[in-house]
Structures are given as C-alpha cells and as structure tokens.
Amino acid sequence: MYVARKPKKVGSWHAVGALLAHFRKQARLTQEAFAELAGIHVDTVGSIEQGRLALQPDRAEQFDELLGTGGALAVLVDRLPVREKIVQFAQGLVDHEQEAVSILSYQTQVVPGLLQTTEYCRAVFDYRYPALGSEAAEQWVNARMERQLIWQRDRPPVGHFVLEESILRRLVGGPEVMREQFRQILEYTEPIHMSFQIMPQDRTPHACLDGPMVLLETPEYERLIYLEVQRASFLVDDPDEVSDYHHKYGMLRSQALSPDESVRLLNGLLGES
C-alpha cells in the first residue's frame with residue numbers, strides 16, 4: 001500500500017522553543033533584546049521559540065551561555081533523534097534509513113543525499129526556490145550530513161547507487177565543489193559493501209524513466225520503497241508493488257555502466273573538471 005507522508009508539526013522543536021522562551025523570560029529579556037544580545041534577527045528568535053525553525057547545536061550552546069542555563073538547551077538538542085532534524089516530508093525515509101540493512105538508490109537530478117559533500121549539499125539548498133533562508137538551509141545541511149553517520153555503524157548497510165550521468169555534468173556549486181563531490185563518491189563507495197553505477201545519458205532502453213526511488217530492507221527483512229515528488233513522499237510496503245520496483249531496479253543495474261566502468265568515467269570527469 002502507499003502511505004503518504006504529509007507535513008505535520010514536529011513536537012520536539014516546539015518543546016525546545018518553549019524552553020528557550022521560558023529561559024529568555026526568566027532572564028527578563030524581550031525577544032528583541034535577546035536577538036540583539038545574540039547578534040541575530042528577532043524573527044529568528046521568534047521562529048525558534050515557535051518551533052518553526054530548529055535550534056542548531058552551536059546556537060544552542062551560545063544561548064545557554066547568554067542565558068546562564070548550564071547547557072540545558074545544548075543537551076536537549078543533542079539528544080533529539082535524527083528524524084526530528086529532517087525536513088518533515090522525508091521523515092518516513094529517515095526512520096527506516098537509520099536502521100536499514102540495505103539501501104538501493106536511483107537518482108535523476110542530484111547526487112544522493114547519503115553521498116553528498118557539505119558544500120554540494122549547501123549549493124543544492126541555495127538553489128531551492130522559494131529560498132529557504134540561511135538558518136533553515138543550514139539546518140537542512142547539518143541534518144543531511146548527520147544522516148551519513150549510518151556508514152560509520154559497526155555493521156553499516158549495504159549501499160548501491162545508480163546515478164544519471166547528467167547529475168555529474170551539472171556544475172552544482174562550481175567546478176571545485178564538483179571535484180570534491182566526485183572524490184567523495186569514489187571514497188564512500190570504495191568499501192566492499194558499497195558500489196555505484198552511472199546510467200549514460202544516451203542509454204536506451206531505460207527501465208526507470210518515471211523517476212527516482214529508494215529501496216530499503218529493514219532488520220526484520222521487510223522491504224520498502226520510498227518515492228518522493230517535490231514536497232510529497234510515499235512509502236510503499238505492498239509486497240506485489242515492492243516486487244515490481246525491485247525488478248525495475250535490477251533491470252536498471254543491468255542497463256547502467258558496470259561499477260568498474262562507472263569508476264573510470266567518474267575518474268575521467270574528475271580529471272576534466
């Protein structure tokens with residue numbers, strides 16, 4: 001079945017915001033006075049206190065110092081689960097991604113988030129329209145980088161990625177950002193449990209012209225499909241549907257360049273850029 005993941009209010013950030021507002025009022029500071037003290041815009045303070053904007057770890061430490069709260073805000077932010085730091089419509093993916101035993105990903109527009117460098121990721125969010133705003137963009141960048149910690153688990157998931165060649169030829173962030181991104185793809189996919197393949201721009205037939213997808217397997221051997229369109233997302237867990245997507249992904253792998261050919265192509269692009 002398809003389970004739509006619609007944006008919803010996230011209680012944890014409202015709790016963090018309420019605690020900040022409590023500490024600020026205890027210090028007998030208005031939002032305007034506190035914003036001036038912290039060197040930020042008053043709207044940023046309001047957004048954090050109302051739970052619309054996540055409180056970043058470095059900002060939490062700054063606020064603790066200014067308000068004399070003994071690290072309370074920093075500890076609370078540090079203990080929030082990863083899913084709470086992710087844009088809301090993608091939380092269904094992150095819930096399963098954090099414990100998945102395998103992740104298979106086909107992407108058509110940008111390098112998969114689990115392989116992105118910080119600067120590439122920041123450029124992707126900078127290009128977003130309407131603009132996110134610097135605080136929100138940095139929040140999303142930090143959360144995406146934190147997701148990549150799954151590769152450092154004692155038993156990391158098996159990871160396989162199919163990338164359209166056009167992704168690698170689009171200069172997101174400029175030549176140096178792309179060079180660093182190419183290096184990271186090669187580094188991240190070097191271990192035996194990781195690999196990537198490139199789908200050439202002129203390759204037909206093509207098994208997946210209808211868009212990107214992520215296939216996950218849970219520790220309980222449940223197989224799920226994650227689909228995302230603009231700001232809507234879906235998790236598919238119906239066995240018949242899941243089977244179709246796995247067949248599709250298998251065909252995609254057979255049509256793409258082999259892993260060795262893909263490494264050679266990416267090394268070539270690295271030399272050209």
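Residues numbered from 1 in each chain as written. Predicted model: local features only at pLDDT ≥ 70, side-chain atom pairs only at ≥ 80, totals over all residues. Heavy atoms only, no water.

**Notes on the overall build of the protein**
The test is simple: Put simply, DSSP marks the helices as runs of H or I at least four residues long and the strands as runs of E at least two long, and each gets a number from the N terminus on. A contact between two residues is defined here by any heavy atoms of the two lying within 4.5 Å. Per-residue and other accessible areas were derived by the Shrake-Rupley procedure at a 1.4 Å probe size, with only the shown protein chains allowed to occlude residues.
Within the protein, the secondary structure is distributed over 12 helices and 7 strands. In terms of overall dimensions, the protein has a C-alpha envelope of 65 × 45 × 35 Å along the principal axes. In the protein, once contacts between residues fewer than 6 apart in sequence are set aside, the share between residues at least 24 apart is 72%. Roughly 14100 Å² of accessible area belongs to the protein as shown, and the carbon and sulfur atoms make up 51% of that amount.

**Quick word on helix H4 (residues 57-67)**
The test is simple: Using a 1.4 Å probe on the protein chains alone, a residue whose accessible area is under 20% of its type maximum counts as buried, one over 50% counts as exposed, and one in between counts as partly exposed. Starting at the helix axis, one direction is taken to each C-beta atom, and the arc is that of these directions.
Along H4, the residues classified as buried are Arg 59, Ala 60, Phe 63, Asp 64 and Leu 67. Projected down its long axis, H4 shows its buried positions confined to an angular sector of 140°, all on one face. Those residues of H4 that are exposed and angled more than 90 degrees off the buried face are Asp 58, Glu 61 and Glu 65. Positive phi appears at Gly 68, one or two residues downstream of H4, with a value of about 65°.

**Considering a negative patch on the surface**
Worth spelling out the cut-off: For patch building, the residue pool is restricted to those with more than 30% relative accessible area and no salt bridge; the joining distance is 9 Å between like charges and 5 Å between nonpolar side chains (Val, Leu, Ile, Met, Phe, Trp, Tyr). The term salt bridge refers to a pairing of a side-chain nitrogen on Lys or Arg with a carboxyl oxygen on Asp or Glu at a separation within 4 Å. In this charge count, Lys and Arg are treated as positive and Asp and Glu as negative; neither His nor the chain ends contribute. Lys charges are placed at NZ, Arg charges at CZ, Asp charges at CG and Glu charges at CD.
Taken together, the side chains of Glu 99, Glu 220, Glu 222 and Asp 237 define an acidic patch exposed on the protein surface. If you trace the backbone, Glu 220 turns up in the loop between strand E5 (213-217) and strand E6 (223-229). Accessibility expressed as a relative area gives 59% for Glu 220, which makes it exposed.

**Some remarks on the pairing of strand E3 (residues 158-164)**
Note the threshold: Paired strands are those between which DSSP finds at least two bridges.
The buried count for E3 comes to 6 of 7 residues, which makes it a mostly enclosed element. In terms of strand pairing, strand E2 (residues 102-107) meets E3 through 6 bridges, oriented parallel. Across the sheet, the residue bridging to Ser 102 is Val 158, located in E3. Pairing of E3 with strand E4 (residues 194-199), which is carried by 6 bridges, proceeds in the parallel orientation. Within E4, the residue paired with Leu 163 across the bridge is Ile 198.

**As for the nonpolar core**
Within soluble globular proteins, side chains that are nonpolar generally end up buried alongside one another. Formally: Think of a nonpolar core as a cluster: buried Ala, Val, Leu, Ile, Met, Phe, Trp, Tyr and Cys residues, connected wherever their side-chain atoms sit within 4.5 Å.
In this structure, Tyr 120, Phe 161, Leu 168, Phe 196 and Leu 266 are the most contacted members of the largest nonpolar core, which totals 32 residues. For this core, the element with the most residues is helix H10 (residues 175-188), which contributes 5 residues. Each residue touching Phe 196, except ones within four places of it in the same chain, is listed here: Phe 161, Leu 163, Ile 185, Leu 186, Thr 189, Pro 259, Ser 262, Val 263 and Leu 266. Listed in part, the 21 residues of the second largest apolar core include Trp 13, Ala 35, Leu 53 and Ala 74.

**Brief notes about the confidence of the model for the protein**
Counted only if it meets this: For every residue, the predictor states its confidence as a pLDDT score lying anywhere from 0 to 100.
Overall, the prediction assigns the protein a mean pLDDT of 88, with 90% of residues at 70 or greater. Confidence drops under a pLDDT of 50 for residues 1-10, and excluding neighbours within four residues, the segment shows 27 contacts in the predicted structure.

**So, the layout of surface pockets**
What counts is decided by this rule: Cavities and pockets are found on a 1 Å grid laid over the protein atoms alone: a cavity is a set of points where a 1.4 Å probe fits but cannot escape, a pocket is an open set with protein on both sides within 12 Å along at least five of seven lines, and a lining residue has an atom within 4 Å of such a point. Grid points are joined across faces, edges and corners, and a volume is the space filled by probe spheres set on the points. Throughout this entry, Asp, Glu, Lys and Arg are counted as charged residues, while Ala, Val, Leu, Ile, Met, Phe, Trp, Tyr, Cys and Pro are counted as nonpolar. The remaining residues, Gly among them, count as polar.
Estimates place the volume of the largest pocket at around 1300 Å³. Around the largest pocket, the lining is made up of 44 residues, and of these Gln 107, Val 110, Arg 144, Glu 228 and Gln 230 lie nearest the centre. Of all the secondary structure elements, the ones that give two or more residues to the lining of the largest pocket are helix H6 (91-97), E2, helix H7 (118-126), helix H8 (134-147), E5, E6 and helix H11 (239-255). Its residues assigned to classes, the lining of the largest pocket shows 27 nonpolar, 8 polar and 9 charged.

**Some thoughts on unusual backbone geometry**
Tyr 129 connects to Pro 130 through a cis peptide bond whose omega is -5°. Note that Pro 130 resides in the loop between H7 and H8. Backbone torsion omega between Thr 204 and Pro 205 reads 0°, so that peptide bond is classified as cis. Looking at the secondary structure, you find Pro 205 in the loop between E4 and E5. Positive phi, close to 60°, is recorded for Arg 28, a residue that is not glycine. Phi at Tyr 221 is positive, roughly 65°, even though this residue is not glycine.

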